[in-house]
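# Descriptive analysis of the structure
Read off the chains here:
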Amino acid sequence: MCAGDHHHHPRSRNHPGPYRKTPDRLLAMGLIRAYQLTFSSLIGQACRHQPTCSEYGYEAIGRHGLWQGGWLTLFRVGRCGPGGTWGFDPVPETLAGDMRWWAPWRLFRVGHKPVSSTREENQMSFDPAERLHLFHAAVNAIDYPVLQAMLAENAVYLSGGTGDLEGKAQIMAAFRKYFAAYPDQVAHDDRVERLGDREARSFWHLTATHAQTGAPMSRNGVETITFDERGLITTVVVEDLKDWK
């Protein structure tokens, strides 16, 4: 599975709240929801983060109001460009005491930083579910450098979409071939579960269109990812829950 969006809800993919129903919140959140139902569905989803920027903006404004939530959203969109951050980047539930309304630039420091490749930080404890979110965000953004950095050299990838692959080089070559054929793939994590200290599982669905034939594809299934002590991916097992369309 090639994936990455925040938890899917039957009627809305946004965080359900509850939020204060002030006029500024309702107006801004309504505009974001309108964007999601119109332009977002036309241009596709290629956000580098989970939740996506529109989902982040909806929740940030709902939690913190239009002024601070709007600045949080603006800085998040800035982080989403080339050379920016990636991965699981949630809206803070509360803001630090020095985050004053008259100093919105202080909100710039709020946000996810990429996982360091230094030996000391890679050997720290990690949440495999969050690491799975990071992987799916990189896949959703088709960010090959990040994908390569997250795979162990001897990683194994077992999938009906790419076939059974062994080694980082073979997996990356298969990813490039797959996304050349399906560059518009949109994938969602319906549910993510932590199975142990180094293993997590995602229930997912996706849609895509073949670049040359125009044939649509729809898949849903389960993906289980196992990590080593450094947080690098060693095994990915993808199981489709129904035949491809």
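Okay, so let's go over this structure. (Residues numbered from 1 in each chain as written. Predicted model: local features only at pLDDT ≥ 70, side-chain atom pairs only at ≥ 80, totals over all residues. Heavy atoms only, no water.)

Sheet analysis places strand β3 (residues 151–159) next to strand β8 (residues 233–240), joined by 4 bridges and oriented parallel. Within β8, the residue paired with Val156 across the bridge is Thr235. The pairing of β3 with strand β4 (residues 163–166) spans 4 bridges and is classified as antiparallel. Counterpart to Ser159 in the pairing with β4 is Gly163. (Pairing = 2+ DSSP bridges. Helix = DSSP H or I, 4+ residues; strand = E, 2+ residues; numbered from the N terminus.)

With that settled, the discussion passes to the packing of aromatic side chains. All told, the structure shown has 8 aromatic pairs when counted by the stated rule. Aromatic side chains Tyr19 and Tyr58 sit 6.4 Å apart centroid to centroid with 70 degrees between the ring planes, which places their arrangement in the edge-to-face category. Remark: Tyr58 occurs in helix α3 (residues 53–79) and Tyr19 occurs in the segment before α1 (23–37); sequence separation between them is 39 residues. A network of ring pairs unites the aromatic residues Trp67, Trp71, Phe75 and Phe108 as a single cluster. The lysine or arginine in question, Arg131, covers the ring of Phe126, its NZ or CZ lying 5.1 Å from the ring centre. When the ring centre of Tyr144 is taken as reference, the NZ or CZ atom of Arg176 above it lies at 4.7 Å. (Phe/Tyr/Trp six-rings, centres within 6.5 Å; stacked < 30°, edge-to-face > 60°. Lys NZ or Arg CZ within 6 Å of the ring centre and 35° of its normal.)

By size, the foremost hydrophobic cluster in this structure holds 37 residues, and its most contacted members are Phe135, Leu147, Phe175 and Ile233. Counting only elements with at least two residues in this core, the list comes to α5 (128–140), α6 (144–150), β3, α7 (168–181), β5 (186–196), β6 (199–209), β7 (216–227) and β8. The dominant element in this core, judged by the number of residues it contributes, is α7, at 7 residues. Of all hydrophobic cores here, the second largest spans 8 residues; its members include Leu72, Phe75, Met99 and Leu107. (Core = buried A, V, L, I, M, F, W, Y, C linked by side-chain atoms within 4.5 Å. Buried < 20%, exposed > 50% of the residue type's maximum accessible area, 1.4 Å probe, protein only.)

Turning to α7, a few remarks are in order. Along its 14 residues, α7 runs 20 Å from first to last C-alpha, staying within 8% of the 20 Å computed at 1.5 Å per residue. Residues of α7 that are buried: Lys168, Ile171, Met172, Ala174, Phe175, Tyr178, Phe179 and Ala181. On its buried side, α7 packs onto α5, α6, β3, β4, β6 and β7. (Expected span 1.5 Å × (residues − 1). Contact = heavy atoms within 4.5 Å.)

Function cannot be inferred from these measures alone, as they are strictly geometric.
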